[in-house]
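Tertiary structure, described
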Amino acid sequence: MTVPNILKALLSLQEREGAVTPAAIGGIAHQLGTTTAQVAGVLSYYPDLHCASPGRHVIRLCMGESCYANGCTRLLRSLQDRLRVDVGETTGGGKFTLGTMSCAGNCAVSPTVIIDRDLWGRVLPSQLGALLERYK
Amino acid sequence: MNDECRMATRLYLSNDTSARAAGAASLAEAWVDRPEIQLIRTSSRGAFYLEPMVERDSADGRVAWFNVTPDDLPRILSGKNGTPVPSIPFLARQTRVTFANFGETEPLALGEYQARGGLKGLEQALNMSPEVIIEELKRSRLRGRGGAAFPVWNKWQVAQQTEADEKYVVANADEGDAGTYCDRMILEGDPFRLLEGMLICARAIGAGRGYVYCRHEYPAAAATLWEAIHKADEAELLELDGEPFPIEVVQGAGSYVCGEETALLESLAGGRGVVRAKPPYPAQEGLYGKPTIVSNVLTFATIPTILSRGGAWYASLGTERSSGTMALQLGGRVKQPGLVEVPFGLSLRQVLDQFGGGMAPGARFKAVQVGGPLGSLFPASKLDIPICYDAFAQAGAVLGHGGIVVYDHETDMVDLARHFMAFTANESCGKCTPCRIGSVRGREILERIQAGSGTVDDLVLLGDLGETMKVASLCALGGRAPYPVLTAIEHFPAEFRSRLRT
Ligand code: SF4
Ligand code: FES
């Protein structure tokens, strides 16, 4: 194809490096023969692309309707209290980054919490402590 | 195979993401080294309230144990107290067409797929002219399962008749509606069915290449699909009329609006996934400006059976204008969440009673939402609506992708409405003003009401804003966004009024 696939390039860079740093934008633009504005435009458009490196573990809480009906807002509050961070932030020691997502397709076994690559279903606020303990 | 293995009892356990989340993963871990069993990892039957479910063969078919823990192994090996799978009411009451293989087969076993009737549709298609394939689809009256419910044959005919040096088939696996998971199940559980549907489409329109645009949120689905593609390739299935027909999986990056076909094509080409006005329709000018069929996974997965059993047979199911079966996905506060495939026409109440099994323990019904975050809310008094496209359209609602989420008495409707508007404000692609600005203003008004500083005028403003978004938005995200909010206000007015500043 003649069209440069900016998204693909950014996703694979992020996969390797953990994030797409602003410094990397110029290099990608050069490599694909496009402008930095084009690359920055794609980077800023997609929620799953980010510029800052996340913590050692990334927690994503599903806020979709089935998870909402099953108490994800309580889970979120509880996580915020425990980790003392807001959505999008990383804990002091750089251990956890807290994020949300809109649906993991696990609605029948909701509410859903994803930590790194592990998906947990039917999560109760009372289980959060033990769950976080598993991640050192 | 040594003697020990030959003696081992075959147990079937689903490897589906939700089954794993429900405990199948830890069962597999606990049992992996047990010489007395041989674990077969199947797809899930979709009775997720019973997962993890373990099955074994018996003289009368499969027998199952529900909500299994590792300690249940002796009981299962003794063969006592199992339930014959066909006698589980949740499954027995369904009409499984597209989901007929679920729970039965190993997702990546091509031989099993074929043994259960897979590839017959493709075989038929290869012996038909493109026009005849499209005729068969017309006879089936299949409508796209993704949301717009457009007749599939019509779209294919346009692509077929448009002259071009290259055409594409794109499967939309960006199932973004929260509360829906049937695409994920197909991708993980019966991937060859999707590939077969795409090949049939390619053959009908004369396409030379296929893509599956899979959301980033479904890593297991993307991995399974890649493996299925490699297996199909090895079996020399990925070719048409002697020409290769490569299929590639392309990942999205978390944007909801990329489920809209024009935005999806932009994103597939690697740019910002922004919606563009139609016409031209993708069937005429799609990916890289070439004729492209974009259909969702469920639609493609339905096609092999239509070709193998005939359009007329398919049309004999369901209702006149909503033919065939629909995959409904129950979630939220029902007792029995899971996937249900039934012919169109049952009422919402019947679906909730017969399959949902009533409310989860301790929960009382408040409202149900059909069709994802842009779907209307139904109170108890409106549950007799039949599940079909026309009845929903008449009620100002959408069936969407078939997600059904039940909310209980503890749900705060003002907060729920704010939740929906915040979703739209987050996901708006920014192309048109009513959605880009309207959703942010809508969210602010709802936040005001929530904080107790809203007035009656704010409710009126919200109504006006909603009407404007409905008629003036470029795509369904902005156009549908007011529905859950306005139906929440319509059916639960007291909750909104009691929060207003007097
Ligand atoms: S309605 Fe919203 S998502 Fe759709 S085109 Fe307009 S701004 Fe984009
Ligand atoms: S709504 Fe949370 S997994 Fe679907």
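Residues numbered from 1 in each chain as written. Chains lettered and ligands numbered in written order. Predicted model: local features only at pLDDT ≥ 70, side-chain atom pairs only at ≥ 80, totals over all residues. Heavy atoms only, no water.

Scanning chain A for helices and strands turns up 6 helices and 4 strands. The order of helices and strands in chain A, counted from the N terminus, is α-α-α-β-α-α-β-β-β-α. Structurally, chain A occupies a C-alpha span of about 50 × 35 × 20 Å along its principal axes. Sorting the 136 residues of chain A into buried and exposed places 51% on the buried side. (Helix = DSSP H or I, 4+ residues; strand = E, 2+ residues; numbered from the N terminus. Buried < 20%, exposed > 50% of the residue type's maximum accessible area, 1.4 Å probe, protein only.)

Glancing now at the pattern of salt bridges. It is possible for side chains bearing opposite charge to pair when their charged atoms get close. Residue and element names in this part refer to chain B. Per the stated rule, a full pass over the model turns up 34 salt bridges over all chains. Note that D384 is salt-bridged to R349, the shortest N-O span being 2.9 Å. Here R349 lies in helix α15 (residues 348-356) and D384 lies in the loop between β15 (377-378) and α16 (389-394), a separation of 35 residues in the sequence. Between R448 and D458 there is a salt bridge, with its nearest N and O atoms 2.8 Å apart. (Salt bridge = Lys/Arg side-chain N within 4 Å of Asp/Glu carboxyl O.)

Now for the interface of chain A and chain B. Accessible area lost on assembly of the parts is the figure often given for the size of an interface. Across the boundary between the two partners, chain A contributes 36 residues, which contact 59 residues of chain B. Taking both sides of the interface into account, the surface hidden between chain A and chain B amounts to around 3500 Å²; carbon and sulfur atoms contribute 55%. It is Y45(A), E65(A) and Y68(A) in chain A that bury the most area against chain B; as a group they hold 21% of the surface buried on that side. One can count 1 salt bridge joining chain A with chain B. Scanning the region where chain A abuts chain B turns up 22 residue pairs in polar contact (both at pLDDT 80 or more). Elements that contribute at least two residues to the side of chain A that touches chain B include exactly α1 (6-17), α3 (36-45), α4 (65-69) and β4 (118-120) of chain A. In the side of chain A that touches chain B, the residues fall into 21 nonpolar, 10 polar and 5 charged. (Contact = heavy atoms within 4.5 Å. Buried area = accessible area lost by both parts, 1.4 Å probe. Polar contact = N/O pair within 3.5 Å; in protein donor to acceptor, adjacent residues only side chain to side chain. Nonpolar A, V, L, I, M, F, W, Y, C, P; charged D, E, K, R; others polar.)

All names here are of chain B. Along the chain, the position of L13 falls in strand β1 (residues 9-14). The exposure class of L13 is buried, given its relative accessible area of 0%. Sequence separation between L13 and L27 is 14 residues; the distance between their C-alpha atoms is 8.8 Å. Leave out the neighbours within four places in its chain, and L13 touches A24, L27, A28, L39, I40, R41, T42, P52, M53 and V54.

This brings us to the sheet that holds β4(A). Residue and element names in this part refer to chain A. Strand order in this open sheet of 4 strands is β2-β1-β3-β4, and the pairing throughout is mixed. Bordering the open sheet on either side are β2 (96-101) and β4, each of which pairs with just one other strand. The mean inter-strand angle of the sheet, taken between neighbouring strand axes irrespective of direction, is 20 degrees. In terms of strand pairing, strand β1 (residues 57-62) meets strand β3 (residues 113-115) through 3 bridges, oriented antiparallel. Note that in β3 the partner of I59 across the bridge is I115. (Pairing = 2+ DSSP bridges. Axes fitted to C-alpha atoms, helices over the stretch in contact; angles between N-to-C directions.)

With that out of the way, let us pick up the site of ligand 1. Taken together, 13 residues are adjacent to ligand 1, and C429(B), C432(B), C435(B), C475(B) and G478(B) come closest. Tallied by class, residues from the shell around ligand 1 come to 8 nonpolar, 4 polar and 1 charged. (Near = heavy atom within 4 Å.)

Moving on, we come to the sheet that holds strand β5 (residues 83-84) of chain B. Residue and element names in this part refer to chain B. Strand order in the open sheet made by the 5 strands is β2-β1-β3-β4-β5, with mixed pairing throughout. Strands at the two margins of the open sheet, each flanked by one partner only, are β2 (37-42) and β5. Pairing analysis gives 3 bridges linking β1 to strand β3 (residues 54-58), with the strands arranged antiparallel. Each bridged residue has a counterpart across the sheet, and for Y12 the counterpart in β3 is E55.

All names here are of chain B. On inspection of all chains with the given rule, the structure shows 12 aromatic pairs over all chains. These aromatic residues form a ring-pair network of at least three members: Y49, F90 and F355. A cation over a ring is seen here: K366 above F492, with NZ or CZ 5.8 Å from the ring centre. It is K470 that lies over the ring of Y483; its NZ or CZ is 4.5 Å from the centre. (Phe/Tyr/Trp six-rings, centres within 6.5 Å; stacked < 30°, edge-to-face > 60°. Lys NZ or Arg CZ within 6 Å of the ring centre and 35° of its normal.)

Right, let's talk about helix α19 (residues 456-472) of chain B for a bit. Residues and elements named next belong to chain B. Between the first and last C-alpha of α19 there are 25 Å, a value that for 17 residues agrees with the 24 Å anticipated at 1.5 Å per step. Those residues of α19 not exposed but buried are D458, L459, L462, L465, G466 and M469. What you see down the axis of α19 is that its buried residues fit within an arc of 120 degrees, all on one side. Looking at α19, the residues exposed on the side facing more than 90 degrees away from the buried face are D457 and V471. Residues of α19 that are buried sit in contact with α17 (413-427), α18 (433-450), α20 (476-480), α21 (482-491) and α22 (493-497). (Expected span 1.5 Å × (residues − 1). Arc of directions from axis to C-beta.)

All names here are of chain B. The element strand β14 (residues 365-370) is extensively covered by neighbouring structure, given that 5 of its 6 residues are classed as buried. Where β14 lies against strand β16 (residues 403-408), 5 bridges are found, and the strand directions are antiparallel. Paired with A367 across the two strands is Y407, which belongs to β16. Counted between consecutive antiparallel strands, the loop separating β14 from β15 contains 6 residues, among which G371 sits at a positive phi close to 95 degrees.

Residue and element names in this part refer to chain B. Along strand β11 (residues 292-296), 5 of the 5 residues are buried, which leaves the element largely enclosed by surrounding structure. On β11, burial covers both faces: T292, V294 and N296 on one face and I293 and S295 on the other are all buried. Here strand β6 (residues 168-173) pairs with β11 via 5 bridges, running parallel. Each residue of the ladder has a partner; that of Y168, found in β11, is T292.

The next thing to look at is the state of the cysteines. Residue and element names in this part refer to chain B. By the definition in use, this model includes 0 disulfides over all chains. The cysteine C201 is free of any disulfide, with C182 supplying the nearest cysteine sulfur at 18 Å. Unpaired in this structure, C214 has its nearest cysteine sulfur neighbour in C258, at a distance of 13 Å. Judged by its relative accessible area of 0%, C214 is buried. (Disulfide = S-S within 2.5 Å.)

Attention shifts here to the confidence of the model for chain B. Here chain B averages 96 in pLDDT, while 99% of its residues score no lower than 70. Of the regions scoring below 50 in pLDDT, residues 1-5 of chain B engages in 2 contacts with residues more than four places distant in sequence or in other chains. (pLDDT = per-residue confidence, 0-100.)

A separate point is the side chain of D177(B). In this structure, D177(B) sits in the loop between β6 and α9 (182-189). At 2.5 Å, the side chain of D177(B) and the side chain of Y256(B) are in polar contact. With residues up to four places along the chain from it excluded, the contact list for D177(B) reads C103(A), Y256(B), G371(B), G372(B), P373(B) and H401(B).

In terms of burial, helix α13 (residues 297-309) of chain B is largely enclosed, as 11 of its 13 residues are buried. By the burial criterion, the buried members of α13(B) are V297(B), L298(B), T299(B), F300(B), A301(B), T302(B), I303(B), P304(B), T305(B), I306(B) and L307(B).

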